[in-house]
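# Tertiary structure, described
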4 protein chains.
Amino acid sequence: MKTNHPSRYQYKQRILSTINKADGQDQLSRGFDIFIMVLIVLNVFAVITETVQSIQVKYELVFYYFELFTIIVFSIEYLVRLWTCTIIEKYRHPVWGRLKYMFSIEALIDLLAILPFYLPLFLDMDARLLRVLRLFRLMRIFKLGRYFVAFQMIVAVIKKRKEELLITFTLLVVMLILASSLMYYIEHEAQPDVFTSIPATMWWGIATLTTVGYGDVYPVTGLGKLLGSVIAILGIGVFALPTGIIASSFERELSEREKNRKATRRHENN
Amino acid sequence: MKTNHPSRYQYKQRILSTINKADGQDQLSRGFDIFIMVLIVLNVFAVITETVQSIQVKYELVFYYFELFTIIVFSIEYLVRLWTCTIIEKYRHPVWGRLKYMFSIEALIDLLAILPFYLPLFLDMDARLLRVLRLFRLMRIFKLGRYFVAFQMIVAVIKKRKEELLITFTLLVVMLILASSLMYYIEHEAQPDVFTSIPATMWWGIATLTTVGYGDVYPVTGLGKLLGSVIAILGIGVFALPTGIIASSFERELSEREKNRKATRRHENN
Amino acid sequence: MKTNHPSRYQYKQRILSTINKADGQDQLSRGFDIFIMVLIVLNVFAVITETVQSIQVKYELVFYYFELFTIIVFSIEYLVRLWTCTIIEKYRHPVWGRLKYMFSIEALIDLLAILPFYLPLFLDMDARLLRVLRLFRLMRIFKLGRYFVAFQMIVAVIKKRKEELLITFTLLVVMLILASSLMYYIEHEAQPDVFTSIPATMWWGIATLTTVGYGDVYPVTGLGKLLGSVIAILGIGVFALPTGIIASSFERELSEREKNRKATRRHENN
Amino acid sequence: MKTNHPSRYQYKQRILSTINKADGQDQLSRGFDIFIMVLIVLNVFAVITETVQSIQVKYELVFYYFELFTIIVFSIEYLVRLWTCTIIEKYRHPVWGRLKYMFSIEALIDLLAILPFYLPLFLDMDARLLRVLRLFRLMRIFKLGRYFVAFQMIVAVIKKRKEELLITFTLLVVMLILASSLMYYIEHEAQPDVFTSIPATMWWGIATLTTVGYGDVYPVTGLGKLLGSVIAILGIGVFALPTGIIASSFERELSEREKNRKATRRHENN
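Residues numbered from 1 in each chain as written. Chains lettered and ligands numbered in written order. Predicted model: local features only at pLDDT ≥ 70, side-chain atom pairs only at ≥ 80, totals over all residues. Heavy atoms only, no water.

Turning to the overall build of chain A, a few remarks are in order. Across its full length, chain A holds eleven helices and zero strands. Helices and strands in chain A line up, N terminus first, as α-α-α-α-α-α-α-α-α-α-α. Relative to the 2.2 N^0.38 estimate, which gives 18 Å for 270 residues, the radius of gyration of chain A is 27 Å and therefore markedly larger than a compact globule would have. Along the first, second and third principal axes, the C-alpha set of chain A runs to 90 × 70 × 35 Å. Sorting the 270 residues of chain A into buried and exposed places 45% on the buried side. (Helix = DSSP H or I, 4+ residues; strand = E, 2+ residues; numbered from the N terminus. Rg over C-alpha atoms; globule rule 2.2 N^0.38 Å. Buried < 20%, exposed > 50% of the residue type's maximum accessible area, 1.4 Å probe, protein only.)

This is the structure in structure tokens:
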């Protein structure tokens, strides 16, 4: 016999679909998505502006109450997700399923978003640790990942050429080591306070290979400038290789998609 | 019965086709195009050189009369366009059509090009506002848009991959926030006057991620330099992703155009 | 009746094919090519090293005799080319043909390579003009163009997308003008000695848009840094657009070449 | 008659396959690979950190014994390879084959990795030469090449467009020479201590064309800044050309691979 009032399962399902990303025309779910996204962005904005002395002093209370409000919302969200997760097949078991959910990346990000508030209440912490904890509030930015599916296309393109990109990176590191070691041996005598060691010279190496070029460290001897020139030119390859790899990967991806679409259309016509 | 002298409609049409971009061999229309384009370029040149003290003092009168001449020409052009716009179907109504035209992007750009001259005549303005108004004269550069159709191809290519480029931009912003926040916490103690707050550190973050590297701000601690190196390397991706997206988009565009041309030729042969 | 000793025409042809780029196994012609190429490279090297005070003082005579030797060789080459050019169809006429040849780009480059030596002998020149003339000796580098056919492939690829690249350049200039003007209005008050005028600010604009970032000029106000950040990010597009255009152009070029090769092969098989 | 105990040939083969890169499930060979790779990475790490004064003083003995251990392992590896190389067809001869192997690139890298230790034992060397020898220990990094086959794909892609990349490089050098010479003539008078000669100006040229922009050298005159701007913009092409070439080369490579795979599959189906 069917009861008229909704079961606990239906309740859970309704709530979960509301707090999850809306995919249809569920106005409530959509509204909730936007509310959480705005809250996350405002939080990131708060963490950033809080470090400006003048603003922090002026709006100390605003920041405090906003943090409190955020913690309440995110804590409730976390608990509700923990409560409703059992309707998902793999987290079905009321105890083990919930534990398993708690250790999913999604849930860990949610936990890290609220933990910096609760931890100092239970543990004795010095000023330094507290400051690091404040930084952890920035982790809330990762909660946004839930709402941007399109990120996954770029991630997919990069993943497909993972191996090539890794080799490009290895190449960059090998270049960096050789360039910095050579430069250290060439410039150490002329500028012993600047090129103090190979690791110190690597800071120059990175700035040159990536073409950032702060200008705090640079060779002054003729030989050093010659090597620096060669490294700067090789640095062009550091851009050309990953760009070439990613460009061709995108081209492949789009090409395959089009073929699939055409194949589907042809299939439909027949 | 057909009259021999041209009707008002024919007058309007003749004038509009003259002031619009020439697409045939209308010598008068072509001459008018070139006249307006040269006037725009000279105007941009005037706004720029006017800020050089020595030139401004020497040629003050020349600048004044040139501005006056420009305003007269552009005002007449604006009024003529407003008068003749009624022969275009969607602006046909003598009152509402003209109002609708006045709020088209094209007409607004034309209005903004002359407004900075008329506004101070009617409104009381302080020196600061007047200086900002002078800057607005640079908007005249956008009047050039009417004459370069090819801009639209690049715009089309970018628009087609709008979503991917937007995500790349979001990725850049997230990277910037995380990098700057971390750097602030690492370097704040060592350089409290440079890395004063996270927003201030973002100036370093932008200079590093985009590889501009002015060299006014850079980390000095070992940990800071390590993070700086990682960010500089990640900055390569900031170039690789949009370049890859745009390269593949151009390739698609050119590929499709060629196919269309071939299809047209095959069609013509049959 | 055929004479046994070669005619003047055959002499000319033999000489011209010797001094021109060798395309077969003509050992003499090949040797002459290498001789001229080495001479050009040594000349460029001489012009460059001559500016180093210590080297110039030490090897003054060497530089002088080398210049003399170069002038003799290049003068003879020029005269021989002028004498033999008449065997080429379009320069056939002994007088008008030779005059026409003298005004071809190839011959003008050859003339500019030797003129800086002869001019002071006939004309009275001050020290400044003489120094500029010395610089003109670098034009000899363009004589190399004769020997590198492969340059033409890159030139062809760039030429094919000439229009798109030109628009990219226009976009860059418009961006530069708007960015520099805005920055001037924002930063002028805070740094009146640095951002003195819009043209002066353009130096900052170029350094930022191209991501060179010398660090001699940069905004210090909050608003200025915000605008600087936006410009630096837009600068990424300045790289992405031409790179995308050139990458797709190369891809097209290689793709078409392969198709042609395949078509040729198929044709041969049938 | 087959003997039961393995022959010397089988011994050699077993040893060689162990020290070579494991391609199957040979646990011992795999373990040896990892051991050598870790040893190489630790060595590079040691050479780098040794230059840090404080670390060097503290861990002098550790560095010494680690170097000793490395030399023993690499020496044994070298001798074993020399002993077993005769089972490879082209090094079959016990004397000439081994000599031939000793002059293969692979064996030379192995030798250079240990030579810096043995040389000072036999030869009298001053401090300077000894320091250069220490640098040679970094050559051990090239021993890694044996284990990364995937490097070869990138090398292949670059090799295929070798000619185009070389021309791009030549173009860069020509641009550099012309830009630096012009800049020298323009800026020499205003900054005689900075733009001392053309070779000195080339340091500015490289920093600008590669967009590194350290900021230690930059033009100050109006004309110099104009030329600097043009060079900075042309520098964009310095990135666009190689990136375009490499991107199209990757695209070709991946395209051909896919076709081959499809062809193979079709062949298998028939």
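On we go.
Taken together, the side chains of Val95, Trp96, Leu99, Phe103 and Leu108 of chain A define a hydrophobic patch exposed on the protein surface, amounting to about 530 Å² of accessible area. Judged by its relative accessible area of 33%, Leu108 of chain A is partly exposed. (Patch = residues over 30% accessible without salt bridge, like charges linked within 9 Å, V, L, I, M, F, W, Y side chains within 5 Å. Areas by Shrake-Rupley, 256 points an atom, 1.4 Å probe, with all protein chains shown as cover. Salt bridge = Lys/Arg side-chain N within 4 Å of Asp/Glu carboxyl O.)

Here the focus is the relation of the copies chain B and chain A. Superposing chain B onto chain A takes a rotation of 90 degrees combined with a translation of 0.0 Å along the rotation axis, leaving an RMSD of 0.1 Å. This pairing of chains is accounted for by a four-fold axis. Residue by residue, only 16% of the interface of chain B is reproduced at the interface of chain A, so the copies engage with different surfaces. (Least-squares fit on C-alpha atoms with pLDDT ≥ 70 in both. Contact = heavy atoms within 4.5 Å.)

Residue and element names in this part refer to chain A. When pLDDT is averaged across chain A, the result is 85; 93% of the residues are at 70 or more. For chain A, helix α8 (residues 151-160) is the element with the lowest average pLDDT, namely 75, and helix α10 (residues 198-209) is the one with the highest, namely 94. The complex prediction reports pTM at 0.86, with the ipTM value standing at 0.85. (pLDDT = per-residue confidence, 0-100.)

What follows is about the environment of Leu115 of chain D. Note on placement: Leu115 of chain D falls in helix α6 (residues 105-122). With 21 residues separating them in the primary sequence, Leu115 of chain D and Phe136 of chain D have C-alpha atoms 8.7 Å apart.

Our focus in this paragraph is the interface of chain B and chain A. Each side of the interface is counted separately: chain B has 49 residues, and chain A has 39 residues. Carbon and sulfur atoms supply 73% of the area buried between chain B and chain A, which totals about 3,800 Å² over both sides. At the boundary of chain B and chain A, one finds zero salt bridges. At the boundary of chain B with chain A, the tally comes to three residue pairs in polar contact (both at pLDDT 80 or more). Breaking the side of chain B that touches chain A down by element, the ones donating at least two residues are α9 (162-187), α10 (198-209) and α11 (222-269) of chain B. In terms of residue count, the dominant contributor to the side of chain B that touches chain A is α11 of chain B (18 residues). Looking at the side of chain B that touches chain A residue by residue, the classes come out as 25 nonpolar, 15 polar and nine charged. (Buried area = accessible area lost by both parts, 1.4 Å probe. Polar contact = N/O pair within 3.5 Å; in protein donor to acceptor, adjacent residues only side chain to side chain. Nonpolar A, V, L, I, M, F, W, Y, C, P; charged D, E, K, R; others polar.)

This part takes up the packing of aromatic side chains. Residues and elements named next belong to chain A. Enumeration according to the criterion identifies 36 aromatic pairs over all chains in this entry. The interplanar angle of 75 degrees and the centroid separation of 6.4 Å between the aromatic rings of Phe35 and Phe69 together place this pair among those described as edge-to-face. Pair noted here: Phe35 is in helix α2 (residues 27-50) and Phe69 is in helix α4 (residues 60-84), with a separation of 34 residues, a long-range link. On the accessibility criterion, Phe35 (35% relative accessible area) is partly exposed. (Phe/Tyr/Trp six-rings, centres within 6.5 Å; stacked < 30°, edge-to-face > 60°.)

A contiguous patch of positive charge, built from Lys259 of chain A, Lys259 of chain B, Lys259 of chain C together with Lys259 of chain D, is present on the exposed surface. On the accessibility criterion, Lys259 of chain B (45% relative accessible area) is partly exposed. (Lys, Arg positive; Asp, Glu negative; His and termini not counted. Charge placed at Lys NZ, Arg CZ, Asp CG, Glu CD.)

Residues and elements named next belong to chain A. Axis separation between helix α1 (residues 8-19) and α2 bottoms out at 7 Å; the angle between their running directions is 50 degrees. Accordingly, the angle class assigned to the pair α1 and α2 is oblique. In this structure, α1 uses Arg14, Ser17, Thr18 and Ile19 to contact α2, whose residues at the interface are Leu28, Ser29, Phe32 and Asp33. Of the residues belonging to the contact of α1 with α2, the class tally is three nonpolar, three polar and two charged. (Axes fitted to C-alpha atoms, helices over the stretch in contact; angles between N-to-C directions. Parallel < 35°, antiparallel > 145°, perpendicular 65-115°, else oblique.)

Take the pattern of salt bridges next. What the rule picks out here adds up to 36 salt bridges over all chains. Between Glu77 of chain C and Lys143 of chain C there is a salt bridge; the shortest N-O distance is 2.9 Å. With Glu77 of chain C in helix α4 (residues 60-84) and Lys143 of chain C in the loop between α7 (127-136) and α8 (151-160), this pair connects stretches of sequence that are 66 residues apart. Assessed through its relative accessible area of 3%, Lys143 of chain C is described here as buried. Salt bridges linked by common partners bring Glu77, Arg81, Glu106, Asp110 and Lys143 of chain A together as one network.

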